[in-house]
Amino acid sequence: MITPTPLMRLVTGFWSFKTLAVAVELDLFTRIAGGRVVTVADLRDELGLADRPADMLLAACASLGLLDRDGDGYRNSAIAEEFLVAGRPYYFGGQVRYCDVKTYLPWHRIGEALRDDRPLTWDPDTDRSAFETGDPAMLAEFWEAMFSTSIFTARTLASAYDFGPHSRLLDVGGGGGAYPIELCRNFGHLKAAVLDLPHVCEIAAGKIAAAGLADRIETVPGDFRADPALPAGYDVLLLSMILHDWDEATNRDLLAKCYAALPPDGVLIISELLLNADRTGPAEAALMGMNMIVETEGGRNYSDVEYATWLTETGFADVRVVPLNAPGANGVVIARKP
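Being a predicted model, the structure only gives us computed values, none of them experimental.

(A) Broad picture of the overall build of the chain. Each helix and strand in the chain was counted, giving 14 helices and 9 strands. Since a compact globule built from 338 residues should have a radius of gyration of about 20 Å, the 21 Å found for the chain is in line with a globular shape. Principal-axis analysis of the C-alpha atoms places the extent of the chain at approximately 65 × 50 × 45 Å. Here the chain holds 338 residues, and 48% of them are scored as buried. For the chain, the exposed surface amounts to about 15,500 Å²; the carbon and sulfur share of it is 56%.

(B) Up close: helix 7 (residues 93-107). In a regular helix each residue adds 1.5 Å, so 15 residues correspond to 21 Å; helix 7 covers 20 Å between its end C-alpha atoms and thus fits that length. A bend of about 40° at Asp100 is the largest found in helix 7. When helix 7 is considered as a whole, its buried residues turn out to be Gly93, Gly94, Gln95, Val96, Tyr98, Asp100, Lys102, Thr103, Tyr104 and Pro106.

(C) Helix 2 (residues 13-25), seen in detail. The end-to-end C-alpha distance of helix 2 is 19 Å, a good match for the 18 Å that 13 residues give at a rise of 1.5 Å each. Residues of helix 2 that are buried: Thr19, Leu20, Ala21, Ala23 and Val24. On its buried face, helix 2 sits against helix 3 (28-31), helix 5 (51-63) and helix 7. Looking at the residues trailing helix 2, positive phi occurs at Asp27, about 60°.

(D) Molecular detail of the side chain of Thr296. Residue position: Thr296 is located in the loop between helix 13 (283-295) and helix 14 (304-314). According to the relative accessible area criterion, Thr296 is buried, its value standing at 8%. Reaching out from Thr296, the side chain makes a polar contact with the backbone oxygen of Met292 at a distance of 2.7 Å. At 2.9 Å, the side chain of Thr296 and the backbone nitrogen of Gly299 are in polar contact. Not counting residues within four places of it along the chain, the set of residues in contact with Thr296 comprises Pro119, Trp122 and Asp245.

(E) Layout of the environment of Met292. Position of Met292 among the secondary structure elements: in helix 13. Given the relative accessible area of 3%, Met292 is considered buried. Taking the C-alpha atoms as reference points, Met292 and Leu58, 234 residues apart in sequence, are found 33 Å from one another.

(F) Broad picture of the environment of Gly34. Mapped onto the secondary structure, Gly34 falls in the loop between helix 3 and helix 4 (40-47). The exposure class assigned to Gly34 is exposed, which follows from its relative accessible area of 66%. Spatially, the C-alpha atoms of Gly34 and Val85 are 9.3 Å apart, while their sequence positions differ by 51 residues. In this structure, Gly34 is in contact with Glu81 and Arg88, ignoring residues within four places of it in sequence.

(G) Structural view of the packing of helix 2 against helix 7. Look at helix 2 against helix 7: their axes get within 9 Å of each other, and the N-to-C directions meet at 120°. Of the two possible hands of crossing, helix 2 and helix 7 adopt the one that is left-handed. Counting all contacts with helix 2, which are made through Phe14, Phe17, Lys18, Leu20, Ala21 and Val24, the residues of helix 7 involved are Gly93, Val96, Arg97, Cys99, Asp100 and Tyr104. In the contact of helix 2 with helix 7, the residues fall into 8 nonpolar, 1 polar and 3 charged.

(H) Spatial organisation of the side chain of Asn76. With respect to the element layout, Asn76 can be found in strand 2 (residues 73-76). There is a polar contact of 2.9 Å between the side chain of Asn76 and the side chain of Glu81.

(I) The pattern of salt bridges, seen in detail. Evaluation of the coordinates by the stated rule reveals 20 salt bridges. Notably, a salt bridge pairs Arg118 with Asp125, separated by 3.0 Å at the nearest N-O pair. For Arg118, a relative accessible area of 33% corresponds to the partly exposed category. We classify Asp125 as exposed; its relative accessible area is 62%. As a salt-bridge pair, Glu313 and Arg252 come within 2.9 Å of each other at their nearest N and O atoms. You can see Glu313 sitting in helix 14 and its partner Arg252 sitting in helix 12 (residues 248-261), a full 61 residues away along the chain.

(J) How the structure looks around the packing of aromatic side chains. Evaluated as defined, the whole model comprises 13 aromatic pairs. Ring geometry for Tyr302 and Tyr307: centres 5.8 Å apart, planes at 65°, overall edge-to-face. Accessibility expressed as a relative area gives 3% for Tyr302, which makes it buried. On the accessibility criterion, Tyr307 (0% relative accessible area) is buried. What links up through ring pairs into an aromatic cluster is the set Phe83, Tyr90 and Phe152. In this structure, Lys18 packs its charged tip against the face of Tyr104, placed 4.7 Å from the ring centre.

About the thresholds
Residues numbered from 1 in each chain as written. Predicted model: local features only at pLDDT ≥ 70, side-chain atom pairs only at ≥ 80, totals over all residues. Heavy atoms only, no water. Helix = DSSP H or I, 4+ residues; strand = E, 2+ residues; numbered from the N terminus. Rg over C-alpha atoms; globule rule 2.2 N^0.38 Å. Buried < 20%, exposed > 50% of the residue type's maximum accessible area, 1.4 Å probe, protein only. Areas by Shrake-Rupley, 256 points an atom, 1.4 Å probe, with all protein chains shown as cover. Expected span 1.5 Å × (residues − 1). Bend = angle between axes of the 7 residues up to and from the residue. Contact = heavy atoms within 4.5 Å. Polar contact = N/O pair within 3.5 Å; in protein donor to acceptor, adjacent residues only side chain to side chain. Axes fitted to C-alpha atoms, helices over the stretch in contact; angles between N-to-C directions. Left-handed = near helix turned anticlockwise from the far one by under 90°. Nonpolar A, V, L, I, M, F, W, Y, C, P; charged D, E, K, R; others polar. Salt bridge = Lys/Arg side-chain N within 4 Å of Asp/Glu carboxyl O. Phe/Tyr/Trp six-rings, centres within 6.5 Å; stacked < 30°, edge-to-face > 60°. Lys NZ or Arg CZ within 6 Å of the ring centre and 35° of its normal.

Listed below in C-alpha cells is the structure:
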C-alpha cells in the first residue's frame, strides 16, 4: 500500500541536517574523540545544557549513526571519528558549517530564486562572482568547505585513476589545493600547481605548506575565465567541481583553453556530480543543480553525455567516464588531446 511516509522523510529532512550542524557547532565529536564515552550528565555539565536537550541531542545523533551507545553513555561512531573530529586529515566540518551558515537560510527562499533566476547568497549587482564576495569570514568558510569536501574526493580519485603516466598536474580553479595535496601524497613522482585567484592562492599556499608539499606543489595566480590562455607545460589538467558553477558557453570556452594548453596526448579530467542521460538523477547531482540556482547566476549540474559532447566538439578524443563514490563527485570524465 502506498503511504505518505517517504514524503514525511522529505519534509523533515532538515531535522537531520540541523542536528548534525548543531553538534558540529558545539564541537561534540571533537570533544569525545579517541573513544571517550560521554553521558547526558557529562554533556549537561560541559556545555551548560539542561538534561532534556542534552539527552535529546545524544539520542538524535545516535539515531543518525553519528554516535554509538556504550554502556550508560555514547561515543563517536566510526564515521564521526573519521570525518567530524577537527584536525583529522579528512575533516568534513567545514562543509557542514558552510551549509549551515551560508546556504541554509537562503534555501528558505528557493521559490524566489526560481522565479527570478538570480542567486541568493551574493549580489550580482555588486560582486563579480560568488567567489569574490567582500565578506572575508564567509570566503574563509567557503574555501574551508570546499577543501573538506575535496580532500576525500581526491583520495577517491587517486584510487580510481592512475596518475603514474603523468608528471605535472594543473588544478584549474583548484581552491585550497586539496586535489594536488592528496594526489601528490599518493603519487610520489607527481608535481602540481593550483591555478586560482590571488587571494585563493594564499589560502592554498598555507594548506600546501602545512601538508609539507611546498617543494612539489606551487600556486599560480590567475583567472581561468578572464585570462586569454591557461599556463602550458602540464600533461594533465583537472577541473574539479568547477563546471557546474557556470553556463554552457563559459564551460565550452574553458574547455577550449584546456585543449590549447595541453600537449599532444595530454589528459583532461572533469570531476563532478554527474546527472544521468535522461536527467532523472541521481539525487545528489540533481539537488546540487538546485543549489546552483541559489548560489550562481548560470550554474547547473550537467550529464556525462553533455560533457562528452562538448569535449568531442572541442577536439578531444577517447572520452570515457569513471564512476566515483565521494562527497564531491560521483564520476570523472576523462579525455585525451590527440
